[in-house]
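# Observations on the model geometry
Each chain, letter by letter, is given below.
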Amino acid sequence: MENTGAAAVRLPQLRLDELLDEVQARLDAARGTRDRVHKLLEAVLSVGRGLDLEQVLRGIIEAAVVLVDARYGALGVIGPDGRRLSQFLTVGLTDEEIAAIGPYPCGHGILGELIRRPEPLRLPEICDHPASYGFPSGHPPMSTFLGVPIRVRDHVFGNLYLTEKRGGASFEDEDEEVLATLAVAAGIAIENARLYEESTRRERWLRAGAEVTTALMTDRPRDEVTARITELAREITGSALAAFSLPEAGDGALTVEAATGVGADTLRHLVLPLEGTLSGAAFTGARPVRGRADEVPAGPAGPGSALAVPVTSGDDAVHGVLLLVRAAGAGDFPEWEAEPLLAFAGQTGLAMELAERRADTAQLALLEDRDRIARDLHDLAIQRLFATGMTLQSADRFIDHPEAAERVRRAVGDLDETIKIIRSTIFGLRSRETAPQHGLRTRVVRAVAEAGTALGFAPSLRMEGLLDTQVPREAADDAVAVLAEALANVARHAEAGAVDVAVVNEGGALVLTVADDGVGMPATDTRRSGLRNLAERAERHGGTLTLAAPTGGGTLLEWRIPLANGGGGGGCPVAHGAAGGARAGGR
């Protein structure tokens, strides 16, 4: 009886211990659940505070890894096509491991399964799923997997992936519920960050458009403005590379005028065909084009997504193309960004057209002013000089003193030279070159001015005839090259104190002469290679190169080529008659 009573006492005690253990287990579970809920709330608040989209995305991954106790985490953003990943962010991998894995995934295998079926997916072993086809070399081993979609409103923004639960255990139902709750909060945070980023960028685009318009309308150089346009677009969109291309006149191609960012040096001044390039497609179609930029040289920016936007004006004329390229893994350009970028490009195009029309108006006013000055010089100055020359010439026979007569004749000669200079000025003023900065007269003046530094003094220059309108571009290029070489030879070898340069269109020939008062040609000429080059440039046009030693010393170089159009000496018969009349005794 005594043993039976003791057993009865121990039995309730045993049941009480079991009950206490169960209560303790439930308390521990409740405490664990409470701690997890607390962590979840902290994670929700944490991801909701951010306004920078990339920081928000990375914060979501870091919170998810902690909540489900996973070793690796990743977030894949689904691209505009809805079939592949445009951006992939990871947590848990070192830089060395990322480099060993290679390019970021595009959305195949298990990752693609979540894109095709946007619902939670939990796997105890990744390789057992039918969609799995293994990992690339260099990828760390992974077995357990948990993935949930992230929705922004009704649209699937991307997917959250967790692998390798610590301790070797599999992910549980509670892990899936916690992660799904975090995904809901993440969708709200992503939407807020996107709205903030969109409004901020729109404001920056408006400021950039105003800056570009002001620059174009204040006559700043075009290359400086296009460089600023390119830099602004790259900064605002966060691109790795930006390039601004302009159409080549009559060549059916685009030339990259400005580029900034990774690989910009190899892209500047590159000629892009209209066929087979994003920039060409945007130019011909007058619409934005997305894709991979084949025209971009190999480099860190090359593999990234690209967006080419035409720079158009109100009449749909395409003035150029703005190409933006993101770095690999940086994601595609969001859909909402195309609208403000297109508005910026349209505002830029309109400003470019207004600036061009303003420049045309100013050019027309300049040409009209030049015409007026040319008429005044012809009708007033030349006629008065001609009359003065005729008066002096007629008075010559009444002068008995030989020295006085000689001075009168010299004065008549000076008037003749002055008339020639005025005629040359009139021809220059009446030039209708569409790009006067490339005219022969301007290039000759520039070459002579540049040579003055090496010579130590300014050479004299005389130009006559229609040099800008009747000398072909190829002949003008060779003439300028010959002039530069001849002046360089004088500076190096002649020891000259004066140089006279003359460029004359004689009607049937272009004649370039360079005369110096230096030491003359040496007996053993060391400049034959340079002279041979000048002679070849003359022979190319059917012309000649001659060298002579004037009586007073020095060297006279004459470079002469025929002109097919002829008639270069006409255009001012009164002035021509004045020169002849002053010498021949009347017209």
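The structure presented is a predicted model; accordingly, all values stated were derived computationally and were not measured. (Residues numbered from 1 in each chain as written. Predicted model: local features only at pLDDT ≥ 70, side-chain atom pairs only at ≥ 80, totals over all residues. Heavy atoms only, no water.)

Taken N-terminus to C-terminus, the directions of helix 11 (residues 440–455) and helix 12 (residues 473–494) make an angle of 15°; their axes are 10 Å apart at the nearest point. Considering their axes alone, helix 11 and helix 12 lie roughly parallel with respect to each other. In the packing of helix 11 onto helix 12, the handedness of the crossing is right-handed. Across from Leu440, Arg443, Val444, Ala447, Val448, Ala451, Ala454 and Leu455 in helix 11, the residues of helix 12 making contact are Arg473, Ala476, Asp477, Ala479, Val480, Leu483, Leu487, Val490 and Ala491. Partitioned by chemical class, the residues of the contact of helix 11 with helix 12 number 14 nonpolar, no polar and three charged. (Axes fitted to C-alpha atoms, helices over the stretch in contact; angles between N-to-C directions. Helix = DSSP H or I, 4+ residues; strand = E, 2+ residues; numbered from the N terminus. Parallel < 35°, antiparallel > 145°, perpendicular 65-115°, else oblique. Left-handed = near helix turned anticlockwise from the far one by under 90°. Contact = heavy atoms within 4.5 Å. Nonpolar A, V, L, I, M, F, W, Y, C, P; charged D, E, K, R; others polar.)

Position of Glu113 among the secondary structure elements: in helix 4 (residues 109–116). Judged by relative accessible area, which is 12%, Glu113 ranks as buried. A distance of 3.1 Å separates the side chain of Glu113 from the side chain of Arg116, its partner in a polar contact. Excluding residues within four positions of it along the chain, Glu113 makes contact with Leu121, His129 and Ala131. (Buried < 20%, exposed > 50% of the residue type's maximum accessible area, 1.4 Å probe, protein only. Polar contact = N/O pair within 3.5 Å; in protein donor to acceptor, adjacent residues only side chain to side chain.)

What follows concerns the pattern of salt bridges. Using the criterion set out here, one finds 17 salt bridges in the structure. Between Arg473 and Asp477 there is a salt bridge whose closest N-O contact spans 3.4 Å. A residue pair is termed a helical-turn pair when its members lie 3 or 4 positions apart in one helix, as Arg473 and Asp477 do in helix 12 at four residues. Salt bridges sharing partners connect three or more residues here, namely Glu113, Arg116 and Arg117. (Salt bridge = Lys/Arg side-chain N within 4 Å of Asp/Glu carboxyl O.)

What follows covers the packing of aromatic side chains. Taken as a whole and assessed by the stated rule, the structure comprises two aromatic pairs. Members of the aromatic cluster, connected to one another through ring pairs, are Phe88, Phe145 and Tyr161. (Phe/Tyr/Trp six-rings, centres within 6.5 Å; stacked < 30°, edge-to-face > 60°.)

With that settled, consider the sheet that holds strand 16 (residues 555–562). Taking strand neighbours across the sheet as the criterion, the five strands line up as 12-13-14-16-15 in an open arrangement whose pairing is mixed. The sheet is open, and its two edges are formed by strand 12 (460–464) and strand 15 (544–548), each paired on a single side. Averaged over all neighbouring strand pairs, the angle between strand axes comes to 10°, with direction disregarded. Here strand 12 runs beside strand 13 (residues 499–505); their pairing, made up of five bridges, is parallel. What sits directly across from Glu464, in strand 13, is Val504. Across the face of the sheet, helix 11 comes into contact with strand 12, strand 13 and strand 14 (509–516) while running at roughly 170° to strand 12. Contacting strand 13, strand 14 and strand 16, helix 12 crosses the sheet at an angle of about 10° to strand 14. (Pairing = 2+ DSSP bridges.)

Of all eight residues in helix 4, seven are buried, a share of seventy percent or more. Residues of helix 4 that are buried sit in contact with strand 1 (70–78), strand 2 (85–91), strand 3 (121–123), strand 4 (145–152) and strand 5 (155–165).

Although it is not a glycine, Glu164 adopts a positive phi angle of roughly 60°. Here Glu164 lies in strand 5. Here Ala286, not a glycine, exhibits a phi torsion of approximately 55°, which is positive. Within the secondary structure, Ala286 is located in the loop between helix 8 (278–285) and strand 9 (289–292). For Ala286, a relative accessible area of 40% puts it in the partly exposed group.

Turning our attention to the environment of Asp175. Counting through the fold element by element, Asp175 comes out in helix 5 (residues 173–217). The exposure class assigned to Asp175 is buried, which follows from its relative accessible area of 1%. Side-chain polar atoms of Asp175 contact the backbone nitrogen of Glu172, separated by 2.9 Å.

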